[in-house]
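Chain and residue survey
The lines below spell out each chain.
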Amino acid sequence: MVKVGIINYNVGNLGSLINAFRRVDSEPIIINEPSELMSVDAVVLPGVGSFDAAMSRLGRFRDDLSKVRGSVPMLGICLGLQVMFEGSDEGSLSGLSWYLGRVSRLGGPRVPHIGWDLVRSVRPCEILDGNGYFYFMHSYAVINPGNDLPYSGITRYGDGNILSVLCDKRSMTFGVQFHQKKRQETGIGGTTPLYWVCP
């Protein structure tokens, strides 16, 4: 059974995420100390809290995350995707800077962006099996990503495109802007294989 390490930001309820990974026959393990990263098969940066709160917690994990990145799959969910970039309009702290660019506050018909929305597949990636609807709940995102970023899914919102799925196979780093929800066909807990867990 794959051991999935979920980094604890000390905010929010991780129960739904734990249950989601149990549904796909994984063993979720809450990571509270950087040294615990060495004993898991995959790492998740969850999507709870604010940017600065997450980075305050992740600061002590930064070196160890860099050590294991590329050797075990990593998945960022919502905020967990955003912290992979250089910074965010939501806060003043620097992100992990794995990817160039900043996270911006959404423009559009409503902020926050809440509800089911279409993710359009623009590049092949095993974690996004074609177009599909996923559940969003956020006020910030990487908007109009450049072609130099390894994204595979985008969502139209307002006058721009949200980076919805990041798929960096070279470094085994993946990210989704949406949240996990029960779906019959797509999403964590559905029938789509979790390629990032089992490369």
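Residues numbered from 1 in each chain as written. Predicted model: local features only at pLDDT ≥ 70, side-chain atom pairs only at ≥ 80, totals over all residues. Heavy atoms only, no water.

In terms of regular secondary structure, the chain is built from four helices and twelve strands. Expressed as a percentage of its 199 residues, the buried residues of the chain come to 54%. Long-range pairs, those at least 24 residues apart, make up 67% of the contacts in the chain between residues at least 6 apart in sequence. With an accessible surface of roughly 9000 Å², the chain has 46% of that area assigned to carbon and sulfur atoms. (Helix = DSSP H or I, 4+ residues; strand = E, 2+ residues; numbered from the N terminus. Buried < 20%, exposed > 50% of the residue type's maximum accessible area, 1.4 Å probe, protein only. Contact = heavy atoms within 4.5 Å. Areas by Shrake-Rupley, 256 points an atom, 1.4 Å probe, with all protein chains shown as cover.)

Tracing the sequence through the fold places Glu-86 in the loop between helix H4 (79-82) and strand S5 (87-88). Residue class for Glu-86 comes out partly exposed when judged on its relative accessible area of 33%. Measuring from C-alpha to C-alpha, the distance between Glu-86 and Gly-101 comes to 5.8 Å, with 15 residues separating the pair along the chain. With residues up to four places along the chain from it excluded, the contact list for Glu-86 reads Ser-94, Gly-95, Ser-97, Tyr-99, Leu-100 and Gly-101. Here Gly-101 takes part through its backbone nitrogen, which lies 2.6 Å from a polar atom of the side chain of Glu-86. (Polar contact = N/O pair within 3.5 Å; in protein donor to acceptor, adjacent residues only side chain to side chain.)

The next thing to look at is the confidence of the model for the chain. When pLDDT is averaged along the chain, the result is 87; 89% of the residues meet or exceed 70. Here residues 182-199 scores under 50 on pLDDT; set against residues more than four positions off or in separate chains, the count is 49 contacts. (pLDDT = per-residue confidence, 0-100.)

Here the focus is the packing of aromatic side chains. Under the criterion given, the structure shown has four aromatic pairs. With centroids separated by 5.9 Å and ring planes inclined at 80°, the aromatic side chains of Phe-136 and Phe-178 adopt a geometry described as edge-to-face. Remark: Phe-178 occurs in the segment after strand S12 (173-176) and Phe-136 occurs in strand S8 (residues 132-138); sequence separation between them is 42 residues. Each of the two residues, Phe-136 as well as Phe-178, counts as buried. Ring pairs connect the aromatic residues Phe-134, Phe-136 and Phe-178, which therefore count as one cluster. Lying over the aromatic face of Tyr-151, Arg-123 brings its terminal NZ or CZ to 4.4 Å of the ring centre. (Phe/Tyr/Trp six-rings, centres within 6.5 Å; stacked < 30°, edge-to-face > 60°. Lys NZ or Arg CZ within 6 Å of the ring centre and 35° of its normal.)

The next point concerns unusual backbone geometry. Cis peptide bonds are those with omega within 30 degrees of zero, and the linkage from Val-111 to Pro-112 qualifies with 10°. Tracing the sequence through the fold places Pro-112 in the loop between strand S6 (102-105) and strand S7 (113-121). Its identity as a non-glycine residue notwithstanding, Met-172 has a phi of 55°, on the positive side. Inspection of the secondary structure puts Met-172 in the loop between strand S11 (160-168) and S12.

Attention now goes to the pairing of S7. Summarising the sheet, S7 and S8 pair through seven bridges and their orientation is antiparallel. Residue Gly-115 lies in a different strand from S8, and its bridge partner there is Phe-136. Strand direction decides the pairing type here: S7 and strand S10 (residues 151-157), joined by two bridges, are antiparallel. Each residue of the ladder has a partner; that of Ser-121, found in S10, is Gly-153. (Pairing = 2+ DSSP bridges.)

This brings us to the state of the cysteines. On inspection of all chains with the given rule, the structure shows one disulfide. Here Cys-125 is linked by a disulfide to Cys-167, with a sulfur-sulfur distance of 2.0 Å. On the sign convention where negative means left-handed, the S-S torsion of about 85° between Cys-125 and Cys-167 marks this disulfide as right-handed. Placement of the pair is Cys-125 in the loop between S7 and S8 and Cys-167 in strand S11, with a sequence separation of 42 residues. (Disulfide = S-S within 2.5 Å.)

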